[in-house]
Amino acid sequence: MQHVTVVRTSVQPPYAAHLRVYEPLAAYPEAERARWQAYAAERGPDAAEAGRPVAAAALEEQRTALAELVGRTPRPLPERESERAFVRALDGVLYVCPWATRLRSWQALEELEGAAPVALVDTALPPASRAAAEADRDRWRAEHPDARPWILTSRWEVPVRWFLPFGEEDRCFVPAGEPGGEPDGAAAAGSPAGGGKGEGPALFYLTPMAQARRRVARAYRALREAVPEGELVRGAEQVGRWLEEFHPRSLVELDYGGLVHLLGPERLSADRSAGELEDGLRALRAGDAAEALRAYEELTVRWRRVLALRYAN
């Protein structure tokens, strides 16, 4: 296993949210299964606690990336795939969400090239470095045609479509300074590997894959009948296809990540985005299109205001 010196900084995590899938150990080939089991064991008994956010482990991932960037020979993209993961334990079953940092870095590079001016991209990542990274990516994809990331990342907002797999009962809010939190309902439970006491604030949703798929499928059917060309119906299809890539007994998590520092404690405590979307879909299935539209517009406008903060100085 590669050992990386981690730089301890006071820098907060980026303003990004994450949609993660934790697959049970049974989903992995035998060699990987043994490695992940040993990996979780190294991180101690905290992996058996319930209702814990993964904020500490996520910050560890960020610091590891920063350590590579500030080295004598900076590495804008990892040279090899990470052997680390987020780990949760529930009802005696161990669930693993590999970081897959190299794969996600390639995807982030593609997004950067499509969203940023060429001059800015060239300054951050010279064309020769990008060409080498893209060549590595193409070779790797040819060898791993079915590869997919366990983690999706969204900067400055939580896309509304990401709330589709969850219900209000899956919500877990951990105020600042508290080591963990009890979910608002009974469905969510989990813990990070390597988490620490006194973490927070954190806001996350956690639900079984079967429940997530059912919710997305029901939403897709209702939306397709009412607004077949709508943005949310396309989002439901996108999320549904991604979830189908994983083991049916996985866990699905939506983590507000660094956005908790952008929103602040009062807005976090009051945020009920998944429940509001659920109410809107319930109204749509009942034939109340006006109420469904009101709920959707209120939710999207609120998150667009958060997204607009990226232009603030």
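Within each chain, residue numbers correspond to sequence positions counted from 1 in written order. It should be noted that, the model being predicted, local features are given only for residues of pLDDT at least 70 and side-chain atom pairs only at 80 or more, the latter also being counted only at that level, while totals for whole chains, interfaces and linings use all residues. The side-chain quantities take in all heavy atoms of the structure and omit both hydrogens and water.

The number of helices and strands found in the chain is 11 helices and 7 strands. Looking at the 313 residues of the chain, the share that counts as buried comes to 46%. Should any heavy atoms of two residues lie within 4.5 Å, those residues are counted as being in contact. Long-range pairs, those at least 24 residues apart, make up 80% of the contacts in the chain with a sequence separation of at least 6. Each accessible area is a Shrake-Rupley estimate made with a 1.4 Å probe; only the visible protein chains count as cover when residues are assessed. Of the roughly 15900 Å² of accessible surface on the chain, 53% is carried by carbon and sulfur atoms. Strands here mean DSSP runs of E at least two residues long; helices mean DSSP runs of H or I at least four residues long; both are numbered from the N terminus. For the exposure calls, accessible area comes from a 1.4 Å probe over protein chains only, and a residue counts as buried if that area is under 20% of its type's maximum, exposed if over 50%, partly exposed in between.

With that settled, consider the confidence of the model for the chain. Do not read the predicted coordinates in detail wherever pLDDT is low. Confidence scores here are pLDDT values: one per residue, from the predictor, ranging 0 to 100. Predicted confidence across the chain gives a mean pLDDT of 79, with 70% of residues reaching 70 or more. Below pLDDT 50 for its whole length, residues 1-9 participates in 16 contacts with residues either more than four positions away or in separate chains. Note that pLDDT drops below 50 for residues 69-74; the model gives that stretch 6 contacts with residues more than four away or on any other chain.

Turning next to unusual backbone geometry. The backbone of Asp91 sits at a positive phi, close to 55°, despite the residue not being glycine. With phi around 75°, Trp156 is a residue other than glycine that occupies positive phi space. Within the secondary structure layout, Trp156 lies in the loop between strand S4 (151-155) and strand S5 (171-174).

Whenever Lys or Arg places a side-chain nitrogen within 4 Å of a carboxyl oxygen from Asp or Glu, that contact is recorded as a salt bridge. The final tally for this structure, using the stated rule, is 14 salt bridges. Glu253 serves as the salt-bridge partner of Arg88, at 2.4 Å between the closest nitrogen and oxygen. Linking Arg88 in strand S2 (residues 85-90) with Glu253 in strand S7 (residues 251-255), this pair joins segments that are 165 residues apart in sequence. Neither residue differs from the other here; Arg88 and Glu253 are each classed as buried.

Attention shifts here to the nonpolar core. Buried Ala, Val, Leu, Ile, Met, Phe, Trp, Tyr and Cys residues that are joined via side-chain atoms within 4.5 Å together make up what is termed a nonpolar core. Counting 67 residues, the largest nonpolar core has Val158, Phe163, Leu243, Tyr256 and Trp303 as the members making the most contacts within it. Setting aside anything within four residues of it in sequence, one finds Val158 in contact with Ala17, Phe163, Leu254, Tyr256, Leu259 and Trp303.

The next subject is the environment of Ala17. Tracing the sequence through the fold places Ala17 in strand S1 (residues 16-24). Accessibility expressed as a relative area gives 0% for Ala17, which makes it buried. Measuring from C-alpha to C-alpha, the distance between Ala17 and Leu152 comes to 8.4 Å, with 135 residues separating the pair along the chain. Those residues within four positions of Ala17 in sequence are excluded, and the remaining contacts are Leu152, Thr153, Ser154, Glu157, Val158, Trp162, Asp255, Tyr256 and Leu259.

All right, on to a positive patch on the surface then. Distance thresholds for patches are 9 Å for like charges and 5 Å for nonpolar side chains (Val, Leu, Ile, Met, Phe, Trp, Tyr), applied to residues having over 30% relative accessible area and no salt bridge. Positive charges come from Lys and Arg, negative ones from Asp and Glu, while His and the chain ends are left out of the count. Think of each charge as sitting on NZ of Lys, CZ of Arg, CG of Asp or CD of Glu. Positive charge collects at one region of the surface, where Arg218, Arg221, Arg224 and Arg285 lie side by side. The leading source of residues in the positive patch is helix H6 (residues 209-226), at 3 residues. The exposure class of Arg218 is partly exposed, given its relative accessible area of 44%.

Take helix H7 (residues 231-243) next. Taking 1.5 Å as the rise per residue, H7 with 13 residues should run 18 Å; its terminal C-alpha atoms sit 19 Å apart, in good agreement. What H7 keeps buried is the set Leu232, Val233, Gly235, Ala236, Val239, Gly240, Trp242 and Leu243. Residues of H7 that are buried make contact with S1, S4, H6, S7, helix H10 (273-285) and helix H11 (289-308). Helices are assigned an expected span. That span is 1.5 Å times one less than the residue count.

Glancing now at the pairing of S2. Summarising burial for S2: 6 of the 6 residues are buried, a large majority. Of the strand pairs in this sheet, S2 and strand S3 (residues 93-98) are connected by 6 bridges, and their pairing is antiparallel. If you follow Phe86 over to S3, its bridge partner there is Cys97. Joining the antiparallel neighbours S2 and S3 is a turn of 2 residues, in which Asp91 adopts a positive phi near 55°. In this analysis, strands are considered paired if DSSP registers two or more bridges between them.

The next subject is H11. In a regular helix each residue adds 1.5 Å, so 20 residues correspond to 28 Å; H11 covers 28 Å between its end C-alpha atoms and thus fits that length. Looking at the buried residues of H11, the elements they touch are S4, helix H8 (259-263), helix H9 (265-270) and H10.

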